[in-house]
Amino acid sequence: MTTMRELRQAAGLSQEKLAELAGTSQPQINKLETGQRKMTVDWAVKLAQPLGVEPAVLLGLDLPAAPVTARPARPAMPALLRTPPAGAQQVQAAASMPVRAAARGGVDQEMFLEDGPIDWIARPDYLKNARDPYAMYVVGESMMPRFRPAQLLHVNPHKPPAPGAGVVVVKRNKAVLVKEFVRRGPEAVVLREYQPADREFAVPLEDLDTLHTVVGLQEP
């Protein structure tokens, strides 16, 4: 099976150039080539066109294909021409949503959002018409048994939370919390967590950046 690295080299592309054409980052391309990130259908569709192959080739399916040969160098293309048509961007946006992740950091072990999406997944039907939905992995055990580590939460950032709803709270310092929404007061948002003890606590509004509603989840 031809590897992704071989396909990229045969296409005459650097990791940085392939990342630019596919709308992702060089570290993500490197992770896909080294096996640190799994090649999904979404990734295969995104990478197939700039590599000049069918998505099935990237997924390792046994399909007949023309031998991969080096392509002649092409003159640099204006950035405008390298950008997918607006219609194509809208189709991709309607069919997929980004996956975000958090990592532990700091002495107090708060969770902090990583920069940019780490993957893309297909939108569930109940988010087809939502604006800017995303998914996020659960890290930590403060919400067990409701939310468990490695579950993938589906989030609608424009749905107001009702009491009892799961929420993703991002503070102004970029610390991120996955909790249960209790109520919003004039000076703070009251949240609930289950572990290590069931308790309610307040996040001052002056410390709050965003408050997004969890509308579903996906098991690992």
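As a reminder, the structure under discussion sits directly above these lines.
Calculation notes
Residues numbered from 1 in each chain as written. Predicted model: local features only at pLDDT ≥ 70, side-chain atom pairs only at ≥ 80, totals over all residues. Heavy atoms only, no water. Patch = residues over 30% accessible without salt bridge, like charges linked within 9 Å, V, L, I, M, F, W, Y side chains within 5 Å. Areas by Shrake-Rupley, 256 points an atom, 1.4 Å probe, with all protein chains shown as cover. Salt bridge = Lys/Arg side-chain N within 4 Å of Asp/Glu carboxyl O. Buried < 20%, exposed > 50% of the residue type's maximum accessible area, 1.4 Å probe, protein only. Helix = DSSP H or I, 4+ residues; strand = E, 2+ residues; numbered from the N terminus. Arc of directions from axis to C-beta. Contact = heavy atoms within 4.5 Å. Pairing = 2+ DSSP bridges. Phe/Tyr/Trp six-rings, centres within 6.5 Å; stacked < 30°, edge-to-face > 60°. Lys NZ or Arg CZ within 6 Å of the ring centre and 35° of its normal. Axes fitted to C-alpha atoms, helices over the stretch in contact; angles between N-to-C directions. Parallel < 35°, antiparallel > 145°, perpendicular 65-115°, else oblique. Nonpolar A, V, L, I, M, F, W, Y, C, P; charged D, E, K, R; others polar. Core = buried A, V, L, I, M, F, W, Y, C linked by side-chain atoms within 4.5 Å. Polar contact = N/O pair within 3.5 Å; in protein donor to acceptor, adjacent residues only side chain to side chain.

Participant: What's the story with a nonpolar patch on the surface in this structure? I'm lost.
Facilitator: The grouping of Val 41, Val 45 and Leu 59 at the surface amounts to a nonpolar patch, some 250 Å² of accessible area in total. According to the relative accessible area criterion, Val 41 is exposed, its value standing at 54%.

Participant: What am I meant to see in helix H2 (residues 15-22) here?
Facilitator: Given 3.6 residues per turn, any residue in an α-helix points the same way as the ones three and four places further on. Listed in full, the buried residues belonging to H2 are Gln 15, Leu 18, Ala 19 and Ala 22. Projection of H2 onto a plane perpendicular to its axis shows the buried side chains occupying an angular sector of 100°, all on one side. Contact partners of the buried residues in H2: helix H1 (4-10), helix H3 (26-34) and helix H4 (41-51). Looking at the residues trailing H2, positive phi occurs at Gly 23, about 75°.

Participant: Even after reading the chapter, I still don't get the pairing of strand S11 (residues 208-218), so can you show me in this structure?
Facilitator: Bridging between strand S6 (residues 152-156) and S11 involves 5 bridges; their strand directions are antiparallel. When the bridges of S11 are listed, Leu 153 appears paired with Leu 217.

Participant: Just to check I follow, could you spell out the packing of aromatic side chains for this structure?
Facilitator: How two aromatic rings sit relative to each other is given by the distance of their centres and the angle of their planes. Within this structure, the stated rule accounts for 0 aromatic pairs. Geometry around Tyr 134 places Arg 100 over its ring, the cationic atom sitting 5.2 Å from the centre.

Participant: When you look at H3 in this model, what are you seeing that I'm missing?
Facilitator: What H3 keeps buried is the set Gln 28, Ile 29, Leu 32 and Glu 33. Seen from one end, H3 has its buried residues packed into an arc of 135°, which puts them on one side. As for H3, its buried residues are in contact with H1, H2 and H4. Positive phi shows up at Gly 35, right after H3, with a value of about 85°.

Participant: Just to check I follow, could you spell out the packing of H2 against H3 for this structure?
Facilitator: For any two helices packed against each other, the geometry comes down to the angle between their axes and how far apart the axes lie. For the pair H2 and H3, the least separation of the axes is 8 Å and the interaxial angle reads 110°. The angle between H2 and H3 places the two elements in the roughly perpendicular class. From H2, Gln 15, Glu 16, Leu 18 and Ala 19 reach across to H3, where they touch Gln 26, Ile 29, Asn 30 and Glu 33. Taken together, the residues of the contact of H2 with H3 sort by class into 3 nonpolar, 3 polar and 2 charged.

Participant: Any chance you could explain the nonpolar core here in plain terms?
Facilitator: Here is a general trend for soluble globular proteins: nonpolar side chains tend to be buried in one another's company. Formed by 17 residues in total, the largest nonpolar core has its most connected members in Met 4, Leu 18, Met 39, Leu 47, Leu 51 and Leu 58. Those elements that place two or more of their residues in this core are H1, H2, H3 and H4. Tallying contributions element by element places H4 first for this core, with 5 residues. Discounting chain neighbours no more than four positions away, the residues touching Met 39 are Met 4, Leu 32, Ala 44, Leu 47, Leu 58 and Leu 59.

Participant: Is there a simple way to explain the side chain of Gln 151 in this structure?
Facilitator: Tracing the chain through its elements places Gln 151 in the loop between strand S5 (134-137) and S6. The class for Gln 151 is buried, based on a relative accessible area of 1%. A polar atom in the side chain of Gln 151 sits 3.0 Å from the side chain of Glu 219. Setting aside residues no more than four positions away along its own chain, Gln 151 makes contact with Met 136, Tyr 137, Val 138, Arg 146, Leu 217, Gln 218, Glu 219 and Pro 220.

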